Amino acid sequence: MAEARSRGPAARPLSPHLQIYRWPITMGTSILHRMTGMGLAFGTLILAWWLVAASMGPEAYAMFESSAFHWFGRLVLFGFTVALVFHALNGVRHLFWDVGYGFKLSTANATGIVVYIVTLALTVLIWIVAYRSMGGW
Amino acid sequence: MSIRTPLGRVRGLGSAKSGAHHFWHQRLTAVALVPLTLWFVWSVARYAGAPHGEVVAFLAHPFNATAMLLFVIAGLYHMALGVQVVIEDYIHREGLKLALLLLVNFAAFAVGIVATIAVLRIAV
Ligand code: HEM
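Figured I'd write up the structure that's included with this text. (Residues numbered from 1 in each chain as written. Chains lettered and ligands numbered in written order. Predicted model: local features only at pLDDT ≥ 70, side-chain atom pairs only at ≥ 80, totals over all residues. Heavy atoms only, no water.)

### Regarding the overall build of chain B
This is how the line gets drawn: By definition, any uninterrupted DSSP run of H or I lasting at least four residues is a helix, any uninterrupted run of E lasting at least two residues is a strand, and each is numbered from the N terminus. Our radius of gyration is a C-alpha quantity, and the globule rule it is checked against amounts to 2.2 Å times the number of residues to the power 0.38. Whether a residue is buried, partly exposed or exposed follows from its accessible area with a 1.4 Å probe, protein chains only, as a fraction of its type maximum: under 20%, in between, or over 50%, in that order. Should any heavy atoms of two residues lie within 4.5 Å, those residues are considered in contact. Areas reported here follow the Shrake-Rupley algorithm with a probe of radius 1.4 Å; residue values treat only the protein chains shown as occluding. Charge counting treats Lys and Arg as positive and Asp and Glu as negative, with His and both chain ends excluded. Lys charges are placed at NZ, Arg charges at CZ, Asp charges at CG and Glu charges at CD.
Broken down by element type, chain B carries 5 helices and 0 strands. Over its C-alpha trace chain B gives a radius of gyration of 18 Å, far above what one expects of a compact globule, namely 14 Å for 124 residues. Principal-axis analysis of the C-alpha atoms gives chain B an extent of 60 × 30 × 25 Å. Counting across all 124 residues of chain B, residues that qualify as buried make up 40%. Here the analysis covers contacts within chain B between residues at least 6 apart in sequence; of these, 65% occur between residues at least 24 apart. For chain B, the computed accessible surface area is about 7300 Å², with 73% contributed by carbon and sulfur atoms. Side chains of chain B carry 9 positive and 4 negative charges; the gap between the two charge centres is 10 Å.

### Focus on the overall build of chain A
When you go through chain A residue by residue, the secondary structure sums to 5 helices and 0 strands. Put simply, chain A runs from its N terminus to its C terminus through helices and strands in the order α-α-α-α-α. With respect to the principal axes defined by its C-alpha atoms, chain A has extents near 80 × 35 × 25 Å. Counting every position in chain A, which comprises 137 residues, the buried fraction comes to 32%. Carbon and sulfur atoms make up 72% of the accessible area of chain A, which totals about 9200 Å². Charge-centre separation for chain A: the mean point of 9 positive side chains lies 18 Å from the mean point of 4 negative side chains.

### Brief notes about the coordination of the iron atom of the ligand
Operational definition: Listed donors are limited to N, O and S atoms within 2.8 Å of the metal, widened to 3.2 Å for Na, K and Ca; water is not among them, so incomplete-looking sites are possible.
Coordination sphere of the iron atom of the ligand, protein contribution only: A:His87 (NE2) and B:His78 (NE2), at 2.0 Å. The exposure class of B:His78 is buried, given its relative accessible area of 15%.

### What about the interface of chain B and chain A?
Test applied: Put simply, buried area is the surface a 1.4 Å probe can reach on two separate parts but cannot reach once they are joined, added for both. Whenever Lys or Arg places a side-chain nitrogen within 4 Å of a carboxyl oxygen from Asp or Glu, that contact is recorded as a salt bridge. Definition of a polar contact: a pair of N or O atoms within 3.5 Å, with one able to donate and the other able to accept a hydrogen when the atoms are protein atoms, and with sequence-neighbouring residues admitted only if both atoms are side-chain atoms.
Residue-level contacts link 38 residues of chain B with 31 residues of chain A. Taking both sides of the interface into account, the surface hidden between chain B and chain A amounts to around 2700 Å²; carbon and sulfur atoms contribute 78%. If you look at where chain B meets chain A, you find 2 salt bridges. Among the ionic pairs, B:Arg27 bridges to A:Asp98, the shortest N-O distance being 2.8 Å. The tally of links between chain B and chain A comes to 6 residue pairs in polar contact (both at pLDDT 80 or more).

### Topic: the site of the ligand
Basically, it comes down to this: Only a single heavy atom is needed: when it lies within 4 Å of a molecule or strand, its residue is near that molecule or strand. When residue character is reported, Ala, Val, Leu, Ile, Met, Phe, Trp, Tyr, Cys and Pro are called nonpolar, Asp, Glu, Lys and Arg charged, and the others, Gly included, polar.
Within the structure, the ligand sits among 22 residues, and A:His33, A:Arg34, A:His87, B:Arg27 and B:His78 are positioned closest to it. Lying at an intersection of chains, the ligand is approached by residues of chains A and B. Contacts to the ligand include A:His87, whose side-chain N or O atom sits 2.8 Å from a nitrogen atom. Within the side chain of B:His78, an N or O atom sits 2.7 Å from a nitrogen atom of the ligand. Of the residues belonging to the shell around the ligand, the class tally is 9 nonpolar, 11 polar and 2 charged.

### Things to note about helix α3 (residues 58-69) of chain A
Note the threshold: To estimate the expected span of a helix, subtract one from its residue number and multiply by 1.5 Å. An arc is given here, and it is the one of the directions from the helix axis to the C-beta atoms.
Given a rise of 1.5 Å per residue, 12 residues ought to cover 16 Å, and the 16 Å separating the end C-alpha atoms of α3(A) matches this to within 8%. Among the residues of α3(A), those classed as buried are A:Ala60, A:Tyr61, A:Phe64, A:Glu65 and A:Ala68. Seen from one end, α3(A) has its buried residues packed into an arc of 140°, which puts them on one side. Along α3(A), exposed side chains directed more than 90 degrees from the buried face belong to A:Glu59 and A:Met63. Against α2 (25-56) and α4 (71-98) of chain A together with α3 (52-60) of chain B lie the buried residues of α3(A).

### Examining the packing of α2(A) against α4(A)
Axis angle and axis distance: for two packed helices, these are the angle between their axes and the distance between the axes, and together they describe the pair. Residues and elements named next belong to chain A. Note the cut-off: Axis lines are fitted through C-alpha atoms, for helices just across the contact stretch, and the angle between N-to-C directions can take any value from 0 to 180 degrees. Any angle between 65 and 115 degrees counts as roughly perpendicular, while under 35 counts as roughly parallel, over 145 as roughly antiparallel, and the rest as oblique. Should the near helix be turned anticlockwise from the far one by less than a right angle, the crossing is left-handed, and should it be turned clockwise, the crossing is right-handed.
The geometry of α2 relative to α4 is characterised by a closest axis approach of 8 Å and an angle of 130° between their N-to-C directions. Between α2 and α4, the interaxial angle falls into the category oblique. Classified by chirality, the crossing of α4 by α2 is left-handed. Contacts between α2 and α4 involve Thr 26, Thr 29, Leu 32, His 33, Thr 36, Gly 37, Leu 40, Gly 43 and Ile 46 from the first element and Val 76, Leu 77, Phe 80, Ala 83, Leu 84, Phe 86, His 87, Asn 90, Gly 91, Arg 93 and His 94 from the second. Partitioned by chemical class, the residues of the contact of α2 with α4 number 9 nonpolar, 10 polar and 1 charged.

Below is the structure:
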């Protein structure tokens, strides 16, 4: 018994331990950068739609607006705003890394948290401005 | 611009022999997009729900038309470079990879031309 056991894999804990594993902050921001980048890629279609509708005249523009103001349209546009703001802020973080700054783990974690907080704040601010432009809900 | 090593150049090595160029243009467009994104987000928030006439008047202004075109073009170029990396990371079947790379690049050109014509129709 003891012999067979010593040949098999030792009963050590798995690493990363699958049940008590906490995502490092830098891992979260990294995958979110990629996900938001892909989201924004599809967002360019909405941007083109908006510009084309504006160029075609009031009727086409009204049609764009009826989709954009629909609750689902608002949800998509809210997602687009979060993605753009996060990706832009985290992109600046990437650019600092590219020139060699901010690599210390504690710094990278801190700037990651800053990106999360500022993303939240800016997104809310942008939507407050947008709703004020629309004159209410 | 080339930031490849002399030895790499002599040997003609590198995955697609243009990795540094790709990397550099991803960063070039990223830097350009920082001020453009600030301008874009702010402008759209201010003109949300505005009457068609006001939106058109905004886009007809030469400064705004120029900024919008720069945002669209820099954004789509950056997008195509970025999505290429994502495809190359996850798709390893040659045929599918090639098809997706074609699709992304064609889509970037098509969306870019459509958006550019729309802005020019308004502004010119
Ligand atoms: C202020 C604006 C932006 C900045 C500063 C920025 C910055 C960056 C940087 C530095 C990267 C490379 C990340 C890496 O090495 O992994 C990147 C990747 C990417 N960006 Fe942006 N970006 C911006 C806006 C956009 C926009 C508007 C789009 C879409 C239209 C976009 C789509 C992408 C995509 C698809 C990737 C590839 C993601 C990946 O490889 O994981 N970005 N961005």
